[in-house]
Structure formats: C-alpha cells, structure tokens
Amino acid sequence: MKRAILSIVTGLIFSLGFAQAQENQEYDKWQIRLRGVGVVPVENAEISTIGGNVSVSSTFIPELDITYFFSKNVAAELILGTTKHNVHTTNSDLSAIGGAANANVDLGDVWLLPPTLTLQYHFRPNKVWKPYVGAGVNYTIFYNPDAGNTVKDISYDNTFGFAMQLGTDINISKNIFLNLDVKNILLKTDVNVDASNLAAGLHIPAKVDINPFLLGFGVGIKF
C-alpha cells in the first residue's frame, strides 16, 4: 500500500513538473512596445510669498517600454520617455513688488526624464485580449530648465514617486500586438524661483504636485 501511494505521489509530482514545463513554454519572456503617449498633469502647488497656484502644460510624446515576464502572468516593465512642459503660476499676488494683485507669472519650461519601473499582473481571459494591472516606482530628473523672460532663474529637485498602471495588449498575430495603457504617476517636487531681478533678494520656494496621467496607445512585439 505504501509503495502504491508513493508511486501515485511520484507520478503526480512528475506530471505537475511536466505540465509546468509545458506552461513555461507557452509564453514569450520579452516584449517591446512603442507608444504614443499623452501626458496630462493634474497639478497643484503651495507657493510662498506670492501665493496662487501652478499650471503645467500637457504634451504628447513617443515612449519605449521593455517588459520581461517572470512567469505566464507576472512581469516587470521599464518605461522610457522624456517630456517638455511649459510652467506658469496662476492668480499670484504681486502687489508687494509693484505688480498686479491677481497675475499669472511665466516660469518658462522644463524637461522631465521619468524612467518608471512597474511590476505587473497579466490576466489571460482569451487568446486576443491580455489585460493587466501594475504598480511601481518612478524617479524623475528635471533638466534644461528655461526660466523664461520674467524671473531670473528656476530650479527643480529630482524626486522619487509611485506609479499605478492599467492596460491591455490586443494580439493581432503570433508576435505582434496593439496596446492600450493608462498610468498615473504620483510626482511631487520642490521648486525654487530666483526672482531677484524683480526685487532684491526675492526667492520664491514652492512645493508642486504634478501627478500626471499618461494615456498611451502603441504597437509591440514579443519574443
């Protein structure tokens, strides 16, 4: 009896191992996508001295992402792209330096490089639609800031943030697929505006939430 049970258990273990090996052969480990992405900030700010809020422009960019599958359902995705945004304050009070009590201040533009790594779970309801959810981390580098024609200079602190993701792949052949993807990056930065050209020693610090939504559509290959 013991030998029979041992034989059955051994057989089950072998069968499960064989099934797992077959399952592991059913998915491609690598995917590369090229997306067009609309970047839509949901901004808010605490601005000292002059008060008001901030406005950060939306933009449209190309984006490259690389995905590696650890298993049939679990993958990691690295997202690469860079964006340029125009920035200005809204409803700021400049009366203390001889300006209007309700003014918009041009703060020029700045480039953002926000590499983002997400861990994803891919559902597989059928052979065509492959929806997924993801969450991860982001590190945003602010570079080439141009303060514009109003203030003397402006600086942004590089910062970490969190990312959330929802999307789906749509297979159109064995190795080619379309992709729809929505991300929200929880992004905050400290900003320092050097306005000493407007009033001696005037520096305006601000805490700015950018929190962009990234709305993407693209095409990918798997291998």
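Placed above this text is the structure.
Values in this document were obtained by computation on a predicted structure and should not be read as measured data.

Chemist: What exactly am I supposed to notice about the pattern of salt bridges here?
Modeler: Pairs can form between side chains of opposite charge once their charged atoms are near each other. Summed over the entire model, instances satisfying the criterion amount to 10 salt bridges. Here R35 and E77 are joined by a salt bridge, their closest N and O atoms 3.3 Å apart. Linking R35 in strand β1 (residues 30-40) with E77 in strand β5 (residues 74-80), this pair joins segments that are 42 residues apart in sequence. Accessibility expressed as a relative area gives 0% for E77, which makes it buried. One connected set of salt bridges, linked through shared partners, spans R33, R35, E63, D65, E77, D169, D181 and K183.

Chemist: Just checking my understanding: could you explain the environment of V39 for this structure?
Modeler: As for its position among the elements, V39 is in strand β1. For V39, a relative accessible area of 4% corresponds to the buried category. Separated by 20 residues in sequence, V39 and T59 have C-alpha atoms that sit 5.3 Å apart. Beyond its immediate sequence surroundings of up to four residues, V39 is in contact with S58, T59, I61, T83, H85, P212, F213 and L214.

Chemist: For this particular structure, what's the right way to read the environment of I47?
Modeler: Assignment of secondary structure puts I47 in strand β2 (residues 44-47). Taking the C-alpha atoms as reference, I47 lies 6.7 Å from K207; in sequence the two are 160 residues apart. Excluding its chain neighbours within four sequence positions, the residues that come into contact with I47 are G52, N53, V54, T89, I204, P205 and A206.

Chemist: Would you explain the sheet that holds strand β13 (residues 188-194) in this entry?
Modeler: Pairing between sheet strands relies on hydrogen bonds along the backbone, with the strands arranged either parallel or antiparallel. Strand order in the open sheet made by the 4 strands is β2-β14-β13-β10, with antiparallel pairing throughout. In the strand order of this sheet, the two ends are held by β2 and β10 (153-156), each with one partner. Adjacent strand axes in the sheet meet at a mean angle of 20°, parallel and antiparallel pairs treated alike. Inspection of the sheet shows β13 paired to strand β14 (residues 203-209) by 7 bridges, in the antiparallel sense. Bridging from a neighbouring strand, V191 pairs with A206 of β14.

Cut-offs and rules
Residues numbered from 1 in each chain as written. Predicted model: local features only at pLDDT ≥ 70, side-chain atom pairs only at ≥ 80, totals over all residues. Heavy atoms only, no water. Salt bridge = Lys/Arg side-chain N within 4 Å of Asp/Glu carboxyl O. Helix = DSSP H or I, 4+ residues; strand = E, 2+ residues; numbered from the N terminus. Buried < 20%, exposed > 50% of the residue type's maximum accessible area, 1.4 Å probe, protein only. Contact = heavy atoms within 4.5 Å. Pairing = 2+ DSSP bridges. Axes fitted to C-alpha atoms, helices over the stretch in contact; angles between N-to-C directions.

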